[in-house]
Amino acid sequence: MPPLVELRNVSKYFGGNPKKNKSVTTALDDMTFILEADFPHIITVAGESGSGKTTMLMLLLGFYEPSEGEVLFNGKNIWKMDREETKDFRRSVQAIFQDPFAVYNPFYKVDNLLSIPIKNFGITKNKDEARSIMENALRRVGLRPEETLGRYPHQLSGGQRQRIAVARALVLHPKLLLADEPVSMVDASLRATLLKQIRDLNQELQIPVLYITHDLTTAYHVSDYIMVLYRGSVMEAGDVEKVIRDPQHPYTRLLVNSIPWPDPSLLWGQTAEVVRGKTILENNGCKFANRCPHMTEICLQSPPPLYRVHEGQVAACYLYQGCNQIEKANLSEMFPNRPNTTQEHSMDVLQA
Amino acid sequence: MTDNKVILEINDLKTHFHVEAGIVKAVDGVDLRLNSGIKLGLVGESGSGKSTIALSLMRMIRQNGTISGQILLDGVDLLKLSQEEMRRVRLSQLSMIPQGAMNSLNPVMRIGDQVTDGLIDHGQSMNKKEKENIVGELFKIVELPPKVMHMYPHELSGGMKQRVCVAIAISMRPKVLIADEPTSALDVVIQRQVMETITRLVNDMNLSMLLIGHDMGLMAQSVDVLAVMYAGHMMEMGGVKEMFADPLHPYTIALIESLPILGSRGVFKGIPGIPPSVINPPPGCPFHNRCNRMMPEICPVQAAPYREVKPGRWVSCHLYN
Amino acid sequence: MRGFLSYVKRNPAFGAGFAILIFLILFSTVGQLFVDTQKGPYALATMPNLPPGPGHIFGTDRQGRDLLAVMVVGTGLTLEVGAIAGAIGLGIGIVMGFVSGYYGGIFDTIITSMIDVWMSIPGFLILVLIASTFRNIRLGVLEMGLIVSIVSWAGPARAIRAQVLSMRERPFVMMAKLGGMGSLEIVMKELVPNLLPFLVMSLSQSIYGGIMASLGLEGLGIGDRRNPTMGMTLFYVNYYSAFLVGLWWWIIEPVAVIVLTLTSLVLISFGLDEIANPRTRRGL
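Residues numbered from 1 in each chain as written. Chains lettered and ligands numbered in written order. Predicted model: local features only at pLDDT ≥ 70, side-chain atom pairs only at ≥ 80, totals over all residues.

Caption draft 1: How the structure looks around the sheet that holds strand β2 (residues 25-35) of chain A. All names here are of chain A. Spatial ordering of the open sheet is given by β2-β1-β4-β5, a layout of four strands whose pairing is antiparallel. Pairing within the sheet leaves two strands with one partner each, and these edge strands are β2 and β5 (76-77). Sheet analysis places strand β1 (residues 5-14) next to strand β4 (residues 68-73), joined by five bridges and oriented antiparallel. If you follow Ser 11 over to β4, its bridge partner there is Glu 68. (Pairing = 2+ DSSP bridges. Helix = DSSP H or I, 4+ residues; strand = E, 2+ residues; numbered from the N terminus.)

Caption draft 2: The interface of chain C and chain A, seen in detail. With 12 residues of chain C in contact, the opposing surface of chain A contributes 18 residues. Broken down by secondary-structure element, the contributors of at least two residues to the side of chain C that touches chain A are α8 (171-178) and α9 (183-219) of chain C. By residue number, the principal contributor to the side of chain C that touches chain A is α8 of chain C, which donates five residues. A class-by-class count of the residues in the side of chain C that touches chain A yields seven nonpolar, three polar and two charged. (Contact = placed C-beta atoms within 7 Å. Nonpolar A, V, L, I, M, F, W, Y, C, P; charged D, E, K, R; others polar.)

Caption draft 3: Representation of the interface of chain B and chain A. Between chain B and chain A, the contact holds 36 residues from the first and 38 residues from the second. Every element with two or more residues in the side of chain B that touches chain A is listed here: α6 (188-204), α7 (216-222), α8 (240-245) and α9 (250-257) of chain B. With six residues, the top contributor of residues to the side of chain B that touches chain A is α6 of chain B. Grouping the constituent residues of the side of chain B that touches chain A by class yields 18 nonpolar, 10 polar and eight charged.

Caption draft 4: Quick look at the sheet that holds strand β12 (residues 313-315) of chain A. Residue and element names in this part refer to chain A. Taking strand neighbours across the sheet as the criterion, the nine strands line up as β6-β7-β8-β3-β9-β10-β12-β11-β13 in an open arrangement whose pairing is mixed. Edge positions in the sheet fall to β6 (93-96) and β13 (325-326), since each of these pairs with one other strand and no more. Two elements, strand β11 (residues 306-310) and β12, share three bridges in a ladder whose sense is antiparallel. Bridge pairing in β12 links His 310 to Gln 313. Across the sheet, helix α1 (residues 53-60) lies against β3 (42-46), β6, β7 (176-180), β8 (209-213) and β9 (225-230), angled at about 145° from β7, the strand it touches most. (Axes fitted to C-alpha atoms, helices over the stretch in contact; angles between N-to-C directions.)

Caption draft 5: Representation of the pairing of strand β1 (residues 6-19) of chain B in the model. Residue and element names in this part refer to chain B. Relative to strand β2 (residues 22-35), β1 runs antiparallel, the two sharing 11 bridges. Counterpart to Leu 8 in the pairing with β2 is Leu 34. Sheet topology note: the β1/strand β4 (residues 65-73) ladder contains eight bridges and is antiparallel. Residue pairing in the sheet places Leu 8 in a bridge with Leu 73 of β4.

Following this line, the structure appears as structure tokens:
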């Protein structure tokens, strides 16, 4: 059985080829990542702007064509699929986007977000049945169908609209869900509810979810695993608990130390002063070298491999040269399919 | 660091907007006291009225809005000043870093000129040398290299642009600095750096700051006193540590419980329901329809008074009558 | 309808332009009930050189046309030429713009080069060349509109391409793709409705362009000289030196109609720009 989704040595450049032209942006740099179908876990793809996390999302959705390498779905290159395969891919890989306003065409009622895929993917041909599927899904995300269906997007709040997006994923039962900053534009009081719904969806449908975010606090809460990207490369990956509580890569440390924890007993001042960013000069080694307080000669020569710093945690940093290496292509080993560690999740809490 | 002198006092502030559908009561009877040298955080969700308060203080609300109540800045009621007098107060005594300020820098004007623009506007005259000195001093405070003054906005990173906006805001050493989401568009590392610069300079210059935002984490890191707004009303106010340790208002309690903190992974406590409409809002406490301790005989009928229940702790809830 | 009225109230430019256009259309349609359209607008219909007065309230020209009849018929003809040219030009522009903006790739390269080449050639020169090639054919309203449309597609094509490009990556388009919609369906159901104000604005601009071009051609005497269009009227005004002879009404009347027509189109596109372009949209 081929894996559900695979990025095989994928790079994405904007504006040409970096081997010929130095000014080309490398958004994603030779990434290999495998996701199996029966993997009911949430993996966070974390990074700041320019880290390549959005590029990874767009590649997985088939909206960007890779500059190098292949994106495979069920073992097939998604850019070389026939009509039927494309349709299957489209239905199987779904997404929730950041902006709960912009995903709606202001011209149509919000019903469209649910009814169009129901029609196009042949979930049901019967209108009444379609209606009841929609109503059920909406109730399960804590919305009242009579207050939701038939409305235009501007008549609903951001939180309501984002819940409809979750309901859509429930209806379509995808094989992979990509959640791109789903709570960053939603009010604080609604965030926890929405994250819980995504978690529950992941557990109930037993599907992998990639949670793409810059916000490590919500990542820590919702996900099982994390990979931290910086300028298109993986800096650190592994168990979310380990990576956030005890980051090893200097970049991850910088990120984690900058988290504004909503807790006056965990103040910024207690951690080391963050290093000021310098101008990034090109080098052939580690991409973080120019901002790194631990930079040595070797860092500028070749990109560091992934070192297994602990069980369930790898860091791409020469500080850990003593540790075992793992192949870049085997990154997915860091996300083993094991029983869930967090509390039981039940859908009944959704009934708001 | 504080001498307990009240520098800014807001009494029964009401800012209403008249729209086709009715009256939007964006701010509906808010009281607030800011002591000299204090950093006060004003948090609220979108639509809670927190940014409207900032704009009301600056008297820069849209044409269809009316402001009533009292805004006393060092004893002077800003709402009674003429337009011209208010113009002189802005920047020199009460200054603001507006939301998205860094995108409002003029793209065709050198940074240094933009920094001194306000000073010149307020009647200061300076030659080229003095100008460079003034800007250089300000840049030292906000930790920018002096060469930035000869650059244009597109040559700067987001964090640097935001520092320029901070430099402009403090250029006349105002009594009160209002910062509306000053780090909202920045990455987390830069956010920490800029925020640390702002809190440091506020302390060093003994300014008072009103920090407006939605991010409880940023508040916990940066302010002394926290005030929580909901649907145009002030819900609760108190020292930041006490507020997080022992919130009183059910809304504050729920809000703090919903936050992702270190150590409680996988626990999600959302607040059910959605905030009420600010157009023709229902009577009673604005939070009653989402409150788990709602008292049916009073909460939906009558809004609770906003009173001091312990020294320095203000709350608007019938539970504490 | 109430929405439309309240919109006009907020956007007086659009309202004024629309009102003028309606007035011109009524003038040329209802007006036909009151004038002799069979003979009136043609030469030798009545006494020449009469100033405005009873019987001929717009006066008559050097060749004895009743100018009221000329205005009534000519306004309609000129608007027709503009509408034909505008519609055809915009139609080509829409197809080109959407294909090049949405599908991109090789289509985009070809179409943008075509637009660039086309726009760098002085359009009026082409028109004169083409129109004078067809000397032997009677250049009626339809033929004139077709010829003029040759220059009026490139502008809309370029503008629509830019709009489509900016809209193509919007999240609701991505959502439509994830909902299993095909390319053509996305263009028709997701993009076109959002571009409607912009398309109407482009239409009024290309009608404007069409009218200007036809006036230019006819003013030079190219076209059917029997047709009492505004351009031909100007041609005769010039040919018979109306200015020197002192037939002031013969000059003022077509100029007034032309100014009103063009003003109304400019105001409409100005007003629609506010809806089509969010950056200039005023707060509600």
